[in-house]
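# Analysis of the macromolecular model
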Amino acid sequence: MTKVKTRFAPSPTGYMHIGNLRTALYAYLTAKSQGGDFILRIEDTDQDRKVEGAVQVIYDTLKIAGLKNDEGPDCGGSNGPYVQSERLPIYREYAQKLVDQGDAYYCFCTKERLAQLHEEQEDPNFKGRHGYDGHCRNLPKEEVDALLAAGTPYVIRQKVPQTGTTAYHDVVFGDVSVNNAELQDIVLIKADGFPTYNFAHVVDDHLMEVTHVTRGSEYVAQTPSYILIYRAFGWEHPTYIHLPLIMGKDAEGNVSKLSKRHGAVSFQDMMQDGYLPEAVINYIALLGWNPKTDEEMFTLAELEKRFTPEAINKSPAIFDYEKLLWFNGQYIRKLSPEEFYEKALPFIRQAVKNESYDCRKIAALLQQRLEKLTQIPGQLGFFDELPAYETDIHVNKKSKATLETAPVALAKSIETLETLEDWTNEKLYFALKEVADGLGFKANTVMWAVRIAATGTVVTPGGATDILEILGKEESLRRLKDGLSRF
RNA sequence: GGCCUCAUCGUCUAGCGGUUAGGACACGGCCCUUUCAAGGCCGCGGCAUGGGUUCGAGUCCCAUUGAGGUCACCA
């Protein structure tokens, strides 16, 4: 049995769309779950869409996501080069072979003619087949030679049979068959000498011994064209695994292919937005695949063991940012305190400039109540400076805190805390508890008053004593006195 | 428009002829609690419609409807 080999073949656009990443993930998992190899190939055949640094983005994304490729431009391999623009002679040779055996032909139609054709077909009164009309399909050899000799620009088109049907079996979609009459004489080699995706990927997948092609379902209907190319060469085609598309839902409830209007859609954007790569991977793995059990927390390593292409489902899935957020919160909590501290520190520093505060303690408070890293700065505003606040936030029904209890609680707390030597969370808690007992208040009533005076903020990460500890004795008492003076 | 494909709670999904249609997110409530979270418990909510096949259909067949994809010298 031949070794399973899958590939991820993105074109370097400068960013990694989340749908693309998911395709890479599934290709990777298809290979790894069967002990196979995963290769990376750069499809840069569109000269007009070249983007500086775009290939690096692909390398970086795969690295951060943990999808290590066994072959590729970055790590070599025995089937290189792995960048299509470096394989031009190969495509040319194979295209010529197709022309020679009558499965492809030179087409000299100008873009103007094609545009005009397109316009005619757009007319509602137009009946008949859309697409290329086969104008150059049967040009006499002498004419072709003459045009070639004269240096006329040309493309090479596939010559598809006009009758019969072409069918294949898809791991996800089952048997798919298309009437050849529906197929176009697609362009194989463009006028600039570069191959189209349609041609290049077939040649490469064969030469690179790819056994399973994993890609988006937008290719389902076009795959018969590719099968025909394989057949023309006498090659066996790979197994196809077409993936359901990832959709997005906009504010009006309209569903369409996931795009910028739905939120952050590139992997880089998501990282910047404070998501963890592990959470993104876990979430997108479940968009179109599931283990047939109720489990849903999976590391990449676990996915490598559990994944089966057969369990991929057919219908498009809507990307749900809410659920991703939940996954992210789960992964944040799974981090060790040290790991979390490292990730959180830059965000803490955005809000907390005062270096006397212990950021490790702040991080510890944050870790249990966070969904994404970018939420950090917004929760820490009160550390550097007590925000302006109205005394009526001292009122809280559940804590039985009122404008009357607050000054009493504060006065007594200040008095008690001034003599407190050991300024730790635990000691602070006991001290304030005693204050409450002495006053005949609920502990909550005192805690509320203290926390409000210390932070001027209704919702804070951590309770009153957590924050007092971090603020330190001097600053805490200053704030508490300030709070009391407002009554 | 032609062709292809898909269809279970709002969302992601399990189900593969006989189930009180299960889980997760979100939402609501309760518990816990030093605010808010986190965590625990409970709840709300679904088989697109119409025909068949069958003793019996979410599960099989057909139609309808809806949705998506594709018809580029983009991938």
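That block above? That's the structure.
First, a word on scope: everything that follows refers to the structure included in this document. Numbers given to residues run from 1 along each chain, matching the order in which its sequence is written. Here every chain gets a letter starting at A, and every ligand a number starting at 1, in the order they are written. Local features are withheld for residues below a pLDDT of 70 in this predicted model, meaning they are given only at 70 or higher, and side-chain atom pairs are given and counted only at 80 or more; totals for whole chains, interfaces and linings count all residues. Where side-chain values are given, they derive from all heavy atoms of the structure, hydrogens and water being excluded.

## Some remarks on the packing of aromatic side chains
Stacked, tilted and edge-to-face pairs are distinguished by plane angle, under 30 degrees for stacked and over 60 for edge-to-face with tilted covering the rest, among Phe, Tyr and Trp rings (Trp via its six-membered ring) whose centres lie within 6.5 Å. Taken as a whole and judged by the stated rule, the model has 22 aromatic pairs. Plain terms: the ring middles of Y94 and W235 are 5.5 Å apart, the flat faces sit at 65° to each other, and that makes the pair edge-to-face. Of this pair, Y94 sits in helix α3 (residues 88-100) while W235 is found in the loop between α7 (223-233) and β9 (239-243), placing the two residues 141 residues apart along the sequence. Residue Y94 shares its accessibility class with W235, and that shared class is buried. Where Y230 meets W235, the ring centres are 6.4 Å apart and the plane angle is 70°; that geometry is what we call edge-to-face. Partly exposed describes any residue whose relative accessible area lies between the buried limit of under 20% and the exposed limit of over 50%, with all areas from a 1.4 Å probe on protein chains only and scaled to the type maximum. On the basis of relative accessible area, W235 is assigned to the buried category, the value being 14%. Positioned above the aromatic ring of Y132, the side-chain terminus of R157 is 3.6 Å from the ring centre. Labels follow the DSSP assignment, with helices taken as runs of H or I lasting at least four residues and strands as runs of E lasting at least two, numbered in each case from the N terminus. Geometrically, a lysine NZ or arginine CZ counts as sitting over a ring once it is within 6 Å of the ring centre and also within 35 degrees of the ring normal.

## Some remarks on a nonpolar patch on the surface
Only residues whose relative accessible area exceeds 30% and that form no salt bridge are eligible for patches; like-charged ones are grouped when within 9 Å, while nonpolar side chains (Val, Leu, Ile, Met, Phe, Trp, Tyr) are grouped when within 5 Å. The accessible surface values rely on the Shrake-Rupley method and a 1.4 Å probe; as for residues, cover is taken only from the protein chains in view. Basic side-chain nitrogens of Lys or Arg form a salt bridge, by our definition, when they fall within 4 Å of a carboxyl oxygen of Asp or Glu. Taken together, V395, L403 and F487 make up a surface patch of nonpolar side chains, about 230 Å² in accessible area. Relative to the helices and strands, L403 resides in the loop between α15 (381-384) and α16 (405-418).

## Looking at the packing of helix α17 (residues 425-439) against helix α19 (residues 464-471)
How two helices sit against one another is set out by the angle between their axes and by the gap between those axes. Only the contacting stretch of a helix is used when fitting its axis, a line to C-alpha atoms as for every element, and angles between N-to-C directions run 0 to 180 degrees. The contact between α17 and α19 brings their axes to 9 Å, and the two run at 125°. Judged on the interaxial angle alone, α19 and α17 are oblique. Crossing angle aside, the handedness with which α17 passes α19 is right-handed. Where α17 approaches α19, its residues N425, L428, Y429 and L432 are matched on the opposing element by T465, D466, L468 and E469. Each residue gets one label: Ala, Val, Leu, Ile, Met, Phe, Trp, Tyr, Cys and Pro are nonpolar, Asp, Glu, Lys and Arg are charged, and the others, such as Gly, are polar. A per-class count over the contact of α17 with α19 returns four nonpolar, two polar and two charged. Our angle categories are set so that under 35 degrees counts as roughly parallel, over 145 as roughly antiparallel, 65 to 115 as roughly perpendicular, and the remainder as oblique. Here is the rule for handedness: rotate from the far helix to the near one, and if that takes an anticlockwise turn smaller than a right angle the crossing is left-handed, while a clockwise turn gives right-handed. We call two residues contacting when some pair of their heavy atoms lies within 4.5 Å.

## So, the environment of K257
With respect to the element layout, K257 can be found in strand β11 (residues 255-257). Separated by twelve residues in the primary sequence, K257 and L245 place their C-alpha atoms 7.1 Å from one another. With near-sequence residues (within four places) excluded, K257 lies in contact with E218, I246, M247, G248 and H262.

## Examining the nonpolar core
With 96 residues, the main nonpolar core has L21, L67, F319, I348 and L417 as its most contacted residues. Looking at this core element by element, the count peaks at nine residues for helix α1 (residues 18-32). Residue contacts for F319: discarding those within four places in its chain leaves I18, I246, M247, L258, M270, Y283, I284, L287 and L324. Nine residue types can take part in a nonpolar core, namely buried Ala, Val, Leu, Ile, Met, Phe, Trp, Tyr and Cys, and a core is a set of them joined through side-chain atoms within 4.5 Å. Grouped together as the second largest cluster of nonpolar side chains are 32 residues, L98, V203, I229 and Y240 included.

## Some points on α17
Every helix has an expected span of 1.5 Å times one less than the residues it contains. Taking 1.5 Å per residue as the helical rise, α17 with its 15 residues ought to reach 21 Å, and the 21 Å between its terminal C-alpha atoms agrees with that figure. Those residues of α17 not exposed but buried are L428, A431, L432, V435 and A436. Projected down its long axis, α17 shows its buried positions confined to an angular sector of 140°, all on one face. Facing away from the buried side of α17 by more than 90 degrees, the exposed set consists of E426, E434, D437 and G438. Elements in contact with the buried residues of α17: α16, α18 (443-455) and α19. The positive-phi residue at the C-terminal boundary of α17 is G440, with phi of around 75°. Throughout, the arc means that of the directions going from the helix axis to the C-beta atoms.

## With respect to the protein's contact with RNA strand B
Among the 63 residues in the neighbourhood of RNA strand B, the closest are listed as K190, E296, R369, A464 and T465. Sugar plus phosphate: this is where 75% of the atoms of RNA strand B within 4 Å of the protein reside. Interatomic distance of 3.2 Å between a backbone N/O atom of C109 and a base nitrogen of RNA strand B. Here a polar contact is recorded for every N or O atom pair within 3.5 Å, except that within protein the pair must consist of a potential hydrogen donor and a potential acceptor, and residues adjacent in sequence are included only if both atoms are side-chain atoms. Note that a sugar or linking oxygen of RNA strand B is positioned 3.1 Å from one of the side-chain N or O atoms of R451. Take the surface near RNA strand B: its biggest share by element is five residues, from helix α11 (residues 321-334). Considered class by class, the residues forming the surface near RNA strand B number 24 nonpolar, 19 polar and 20 charged. Nearness here has a simple test: a residue counts as near a molecule or strand if at least one of its heavy atoms is within 4 Å of that partner.

## Some thoughts on the environment of L147
Relative to the assigned elements, L147 resides in helix α5 (residues 141-149). As a C-alpha pair, L147 and F108 span 39 residues in sequence and 8.1 Å in three-dimensional space. Ignoring any residue separated from it by four or fewer positions in sequence, one finds L147 in contact with F108, L139 and T152.

## A closer look at the pairing of strand β1 (residues 5-8)
Here β1 shows a buried face lined by K5 and R7 and a second buried face lined by T6 and F8. Bridging between β1 and strand β2 (residues 37-40) involves four bridges; their strand directions are parallel. Pairing of T6 across the sheet is with F38, part of β2. If you view a crossover with the strands going away from you and the path from the first strand over the helix to the second runs clockwise, you call it right-handed. At this point the chain moves from β1, through α1, to the parallel β2, and the crossover so formed is right-handed. A pair of strands is labelled paired if DSSP reports no fewer than 2 bridges between them.

## A few points about the pattern of salt bridges
The full count for this structure, using the stated rule, is 25 salt bridges. Its salt-bridge partner being E469, residue K361 comes within 2.8 Å of it at the nearest N-O pair. Separated by 108 residues along the polypeptide, K361 in helix α13 (residues 359-367) and E469 in helix α19 bring together distant segments of the chain. Owing to a relative accessible area of 33%, K361 belongs among the partly exposed residues under this scheme. Looking at E469, the relative accessible area reads 19%, which means it is buried. The salt bridge partner of D482 is R486, with a shortest N-O separation of 3.0 Å. The network of salt bridges with common partners includes R7, R41, E43, R87, D204 and D205.

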